[in-house]
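Below, each chain spelled out in residue letters.
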Amino acid sequence: MKELYIYNSISGKKEKFQPIQDGHVGMYVCGPTVYSNVHLGNVRTFMSFDLVFRYLKHLDYKVRYVRNITDAGHLENDADEGEDRIAKKAKLEKIEPMEVVQRYTVDFHQILNKFNFLPPSIEPTATGHIIEQIEMIKEIIKNDFAYEVNGSIYFDVLKFNSKNKYGKLSKRNIEDLIHNTRSLDGQSDKKNPQDFALWKKADSQHIMRWPSPWGDGFPGWHLECTAMSTKYLGKRFDIHGGGMDLKFPHHECEIAQSEACHGNNPVNIWMHANMLTLNGQKMAKSTGNYILPNDFFTGNSDHLTKKYSASVVRFFILQAHYRSVLDFSNNALLASEKGYNKLMDSINSLPNLVTHKESSGFDLELWIKDCYKAMNDDFNSPILIAELFSVVKFINQVKDGLAKISANDLKSLIHYINIFVFDILGLKNDIDEGTEFEGKLKETVDLLINMRAEARLNKDFDLSDKIRDRLTEIGIQLKDEKGGTTFSIEKL
Ligand code: AMP
Ligand code: ZN
């Protein structure tokens, strides 16, 4: 029942999961570059790994989940030249780079909390590990896979490829890479265009700088992940994850750095989460094609017709398998909301079900097995959700007297629903909160409408106007119609 298979991007196959150390799992996931608010695409990738983390924990593994914060070294266009993304934003806003880092790290955590993410075990930062990165560069230079030019250090991809193989993960071969990369324009210090920076010399304008044996500078983006994963998970660990777009060059470079430094492939299983698209295009900050998580909570977006709860958005994302592309649309979200409400209504009705001596019309044991089967098959959340709807159908049949459930089975069903819906999928049962609150709000406004009508009957127009005006001030509009007074509430 608990044999887990995971799709390994490097082998292109689902492989039986065998941790390096019995009972323990080391997992590293590339975190955000904290220079702007995370969009829903970023959230999707991190949610995929939240699901993985939750399921591994459920299987009783002791998981050390490391997800970094990139707060230096990530340049524009993922390149080796250009401005640091964080420093650029700091200049634009006339604040310190570390203020940018703080603002967007806090935003990232708040958003993830709203979506009910479990915090990782360790959340290290690139700037907190400059020494480790410098030590790693020294080792790579010692092993003759890197060279210094004018205060910068570059990884020598051609030399590495002559001894090891570069391109294992992304399945690119070096000849194609050479053919496809633009030749150097004379501005670069690199020997070859495929080489990538391990350390960059900081020019006098560059604010984010640290001393090193090669002068003041800053680390290359790929290096931080190798330094931090090695420090907290060792030279070889179980799972490395990230979005599909990080496969090349970021993850390919991580493999090369580890092999050049430690002489071994760092990762057993590479997991890549697929992209969230909007209008068929990858959601991305740079193109303006994105939705921010907060837009869902307010409903203020051209892409949305109303607001949605975080649980509905989470449910929408988990209805797709993490390796499939998911296209966002308001209609798809509306359908997810319907599904989510149906599921929660059904779960909320469980304690009131009438039980019988014996169950009939449903094989509970088989259902539990099928739920595990879905999750053990590369974390297949859409199939798990389909299984949950087969339970909803059964519950409806029990209510209609077409099927029966025993008290014992009901207890067991509630237990497993808690495991699959709340522990593993990480959904929250917030349907009650929403409807109850909205119901109470409606009752309160109706009460005020009635008091206003009474005041008007008594010709107390001061009071009736006051009620209407005060409600308008707080964003509740009254409308007097033939059949009575109705109200509308401004979008928050
Ligand atoms: P970044 O902060 O740009 O490094 O991105 C953080 C994470 O979000 C990375 O793992 C990216 O692969 C992932 N990501 C970026 N855009 C999308 C998208 N449209 N859909 C899913 N994941 C994304
Ligand atoms: Zn990384």
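Residues numbered from 1 in each chain as written. Chains lettered and ligands numbered in written order. Predicted model: local features only at pLDDT ≥ 70, side-chain atom pairs only at ≥ 80, totals over all residues. Heavy atoms only, no water.

A. Local environment of the site of ligand 1. Close to ligand 1 lie 15 residues, the nearest being G41, T45, D245, L276 and M283. Between ligand 1 and D245 there is a distance of 2.4 Å, counted from an oxygen atom to a side-chain nitrogen or oxygen. In the environment of ligand 1, a nitrogen atom lies 2.8 Å from a nitrogen or oxygen atom belonging to the backbone of M283. Summarising the interface, the protein chains cover 91% of the accessible area of ligand 1, which totals 490 Å² for the free molecule. Each residue belonging to the shell around ligand 1 can be placed in one class, and the counts come to 6 nonpolar, 7 polar and 2 charged. (Near = heavy atom within 4 Å. Polar contact = N/O pair within 3.5 Å; in protein donor to acceptor, adjacent residues only side chain to side chain. Areas by Shrake-Rupley, 256 points an atom, 1.4 Å probe, with all protein chains shown as cover. Nonpolar A, V, L, I, M, F, W, Y, C, P; charged D, E, K, R; others polar.)

B. Quick peek at the packing of aromatic side chains. Within this structure, the stated rule accounts for 19 aromatic pairs. Ring geometry for Y55 versus F379: centroids 6.1 Å apart, planes at 90°, classification edge-to-face. Within this pair, whereas Y55 is found in helix α1 (residues 40-58), its partner F379 is found in the loop between α12 (364-376) and α13 (381-399), the two being separated by 324 residues in sequence. Both residues of the pair, Y55 and F379, belong to the buried class. Taken together, a centroid distance of 4.8 Å and an interplanar angle of 10° make the contact between F155 and F196 stacked. In this pair, F155 is assigned in strand β6 (residues 152-155) and F196 in strand β7 (residues 196-201), connecting sequence segments 41 residues apart. A relative accessible area of 0% means that F155 is categorised as buried. Owing to a relative accessible area of 4%, F196 belongs among the buried residues under this scheme. Aromatic ring contacts, followed pair by pair, group F362, W367, Y372, F394, Y416 and F420 into a single cluster. Over the face of the ring belonging to Y147 we find K191, whose NZ or CZ atom lies 4.6 Å from the ring centre. (Phe/Tyr/Trp six-rings, centres within 6.5 Å; stacked < 30°, edge-to-face > 60°. Helix = DSSP H or I, 4+ residues; strand = E, 2+ residues; numbered from the N terminus. Buried < 20%, exposed > 50% of the residue type's maximum accessible area, 1.4 Å probe, protein only. Lys NZ or Arg CZ within 6 Å of the ring centre and 35° of its normal.)

C. Focus on the coordination of the zinc ion (ligand 2). Listed as protein donors to the zinc ion (ligand 2) are C30 (SG), C225 (SG) and H250 (NE2); their distances from the metal cover 2.0 to 2.2 Å. Read N to C, the donor residues that coordinate the zinc ion (ligand 2) are spaced as C-x194-C-x24-H. Residue C30 is located in the loop between β3 (24-29) and α1, and its partner H250 is located in helix α8 (residues 247-262); the two are separated by 220 residues in the primary sequence. Assigned by exposure class, C30 and H250 land together as buried. (Donors = N, O, S within 2.8 Å, 3.2 Å for Na, K, Ca; no water.)

D. Region of the structure containing the environment of K14. Structurally, the position occupied by K14 is in strand β2 (residues 13-16). Classification of K14 by relative accessible area gives partly exposed; the value is 41%. Beyond its immediate chain neighbours, meaning those up to four positions away, K14 contacts Y5, I6, Y7, R323, D377 and D378. Of the polar contacts made by the side chain of K14, one reaches the side chain of D377; its length is 2.8 Å. (Contact = heavy atoms within 4.5 Å.)

E. Just the pairing of strand β1 (residues 5-8), in detail. Side-chain alternation along β1 places I6 and N8 on a buried face and Y5 and Y7 on a face that remains uncovered. A loop of 4 residues connects β1 with β2, the two strands running antiparallel in sequence, and G12 in this loop sits at a positive phi of about 75°. (Pairing = 2+ DSSP bridges.)

F. View of the domain arrangement of the protein. Domain boundaries assigned for the protein yield domain 1 (20-273), domain 2 (277-432) and domain 3 (434-489). On a C-alpha basis, the centroid separation for the pair domain 2 and domain 3 is 37 Å. (Domains from an automatic or database assignment.)

G. Region of interest: the pattern of salt bridges. One pass over the full model with this rule turns up 25 salt bridges. A salt bridge links R209 to D216, with the shortest nitrogen-to-oxygen separation between them at 3.4 Å. Here D469 ties to R468 by a salt bridge, and the two come within 3.4 Å at their closest N and O atoms. Residues joined by salt bridges that share partners form a network here, namely D50, R54 and R314. (Salt bridge = Lys/Arg side-chain N within 4 Å of Asp/Glu carboxyl O.)

H. Inspection of the packing of α13 against helix α14 (residues 407-424) at higher detail. One way to put it is that α13 packs onto α14 with a least axis distance of 12 Å and a crossing angle of 150°. Classified by the interaxial angle, the pair formed by α13 and α14 is roughly antiparallel. Classified by chirality, the crossing of α14 by α13 is left-handed. Residues L384, L388 and V391 of α13 form the contact with α14, whose participating residues are L413, I417, F420 and V421. Looking at the contact of α13 with α14 residue by residue, the classes come out as 7 nonpolar, no polar and no charged. (Axes fitted to C-alpha atoms, helices over the stretch in contact; angles between N-to-C directions. Parallel < 35°, antiparallel > 145°, perpendicular 65-115°, else oblique. Left-handed = near helix turned anticlockwise from the far one by under 90°.)

I. Here's a closer look at the sheet that holds β7. Strand order in the open sheet formed by 4 strands is β5-β6-β7-β8, with antiparallel pairing between adjacent strands. The two strands at the open ends of the sheet, each matched to only one other strand, are β5 (146-149) and β8 (217-219). Strand-to-strand twist in this sheet, taken as the mean axis angle between neighbours without regard to direction, amounts to 20°. In the sheet, β6 pairs with β7 via 3 bridges, with the strands oriented antiparallel.

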